[in-house]
Amino acid sequence: QLQLQESGPRLVKPSETLSLTCTVSGGSTSSTSYYWGWIRQPPGKGLEWIGTIYYSGSTFYNPSLRSRLTISIDTSKNQFSLRLTSVTAADTAVYYCARDLGSGIPGDAFDFWGQGTMVTVSS
Amino acid sequence: QSALTQPASVSGSPGQSITISCTGTSSDVGGYNYVAWYQQHAGKAPKLMIYDVSSRPSGVSNRFSGSKSGNTASLTISGLQAEDESDYYCSSYTSSSTVIFGGGTKLTVL
């Protein structure tokens, strides 16, 4: 059974960089069949797509975050990562990593999700 | 990109059917058959319930069904059960190769 697990600091200071890693088990990030994505959810609010990456390194970003965002993949470690710079309190959220069905496009549906990790931006 | 439009809340009694709408534009919902629906219980990760407008992942009850007409997609839950009480989100692929979510709908089982 595919499992995804987010890891990284739970507390980040304003203006600093938020970095998270998603470790995949029971499946391979080097698969050509799937994409891998990040989604976040501020407390009490809805889901927001952050971005998606393919095994080749091709990336697709939320336009509202693009200038601060980098998503990368390390297939040798079966991991993909998120880096968000210049964070503010508005970036406080539960961050989820997930597998995208792909179906040839980077935005079909997320069928497997990590449990999520709460990241707070505060001094 | 603006969020897809969903009703903030819907409700129904056990055994009844309810429908949740998800309205977008011709650049997302109306332009592609890549609409998905997620169920999210409080404090839990979302669960995929419908993908590609009307397909159900293995293990999802056939009480859940999806459809689309023009720029509006719909999730119907028949034979409503107490365990269906949850938040539901739609999502769609867009013409900019991005993903957009709806604002979410809280389903209350009366």
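Predicted model, so just to flag it, every value in this text is computed and none were measured. (Residues numbered from 1 in each chain as written. Chains lettered and ligands numbered in written order. Predicted model: local features only at pLDDT ≥ 70, side-chain atom pairs only at ≥ 80, totals over all residues. Heavy atoms only, no water.)

Moving on: the overall build of chain A. Scanning chain A from terminus to terminus reveals zero helices and 11 strands. For chain A, the C-alpha radius of gyration of 14 Å lies close to 14 Å, the compact-globule estimate for 123 residues. Across its three principal axes, chain A shows a C-alpha extent of roughly 40 × 25 × 25 Å. The long-range fraction of contacts in chain A, counting pairs at least 24 apart against all pairs at least 6 apart in sequence, stands at 56%. By element, 46% of the accessible surface of chain A is carried by carbon and sulfur atoms, the whole surface being about 5,200 Å². Once the 9 positive and 8 negative side-chain charges of chain A are each reduced to a mean point, those two points are 7 Å apart. (Helix = DSSP H or I, 4+ residues; strand = E, 2+ residues; numbered from the N terminus. Rg over C-alpha atoms; globule rule 2.2 N^0.38 Å. Contact = heavy atoms within 4.5 Å. Areas by Shrake-Rupley, 256 points an atom, 1.4 Å probe, with all protein chains shown as cover. Lys, Arg positive; Asp, Glu negative; His and termini not counted. Charge placed at Lys NZ, Arg CZ, Asp CG, Glu CD.)

Next up on the list: the sheet that holds strand β5 (residues 64-69) of chain B. All names here are of chain B. Here three strands make up an open sheet; going across it, the order is β2-β6-β5 and the pairing antiparallel. Of all the strands in the sheet, the pair left with one neighbour each is β2 (18-23) and β5. Each neighbouring strand pair of the sheet contributes to a mean axis angle of 20 degrees, computed without reference to strand direction. As judged from the six bridges shared by β5 and strand β6 (residues 72-77), these two strands associate in the antiparallel manner. Paired with F64 across the two strands is I77, which belongs to β6. (Pairing = 2+ DSSP bridges. Axes fitted to C-alpha atoms, helices over the stretch in contact; angles between N-to-C directions.)

This next bit is on the packing of aromatic side chains. Under the defined criterion, the tally for this structure stands at 12 aromatic pairs over all chains. Ring geometry for Y54(A) versus Y55(A): centroids 4.7 Å apart, planes at 75 degrees, classification edge-to-face. Since its relative accessible area comes to 18%, Y54(A) is described here as buried. For Y55(A), a relative accessible area of 33% translates into the label partly exposed. An aromatic cluster of three or more residues is present, and its members are Y96(A), F110(A), W113(A), Y38(B) and F101(B). (Phe/Tyr/Trp six-rings, centres within 6.5 Å; stacked < 30°, edge-to-face > 60°. Buried < 20%, exposed > 50% of the residue type's maximum accessible area, 1.4 Å probe, protein only.)

Ranked by size, the top nonpolar core spans 24 residues in total, and within it L4(A), L18(A), W38(A), L69(A), F80(A), L82(A) and Y95(A) carry the most contacts. Elements that contribute at least two residues to this core include exactly β3 (18-25), β4 (35-41), β5 (48-54), β7 (69-74), β8 (79-84), β9 (93-100) and β11 (117-121) of chain A. With four residues, β3(A) is the largest single contributor of residues to this core. In this structure, L4(B), V60(B), I77(B) and Y88(B) belong to the second largest nonpolar core, which totals 22 residues. (Core = buried A, V, L, I, M, F, W, Y, C linked by side-chain atoms within 4.5 Å.)

Attention shifts here to the environment of I105(A). Residue and element names in this part refer to chain A. Tracing the sequence through the fold places I105 in the loop between β9 and β10 (110-113). Relative accessible area serves as the criterion here: at 14%, I105 is assigned to the buried category. For I105 and Y54, which are 51 residues apart along the polypeptide, the C-alpha to C-alpha distance reads 9.9 Å.

Glancing now at the layout of surface pockets. There is about 390 Å³ of room inside the largest pocket. Forming the boundary of the largest pocket are 17 residues, of which Q1(A), D111(A), F112(A), W113(A) and K47(B) lie nearest the centre. Breaking the lining of the largest pocket down by element, the ones donating at least two residues are β1 (3-7) and β10 of chain A together with β4 (47-50) of chain B. Residue contributions to the lining of the largest pocket peak at three residues, all from β10(A). Here the residues of the lining of the largest pocket sort into 11 nonpolar, four polar and two charged. (1 Å grid on protein atoms, 1.4 Å probe; cavity = no way out; pocket = protein on both sides within 12 Å on 5 of 7 lines; lining within 4 Å. Points joined across faces, edges and corners; volume = space filled by probe spheres on them. Nonpolar A, V, L, I, M, F, W, Y, C, P; charged D, E, K, R; others polar.)

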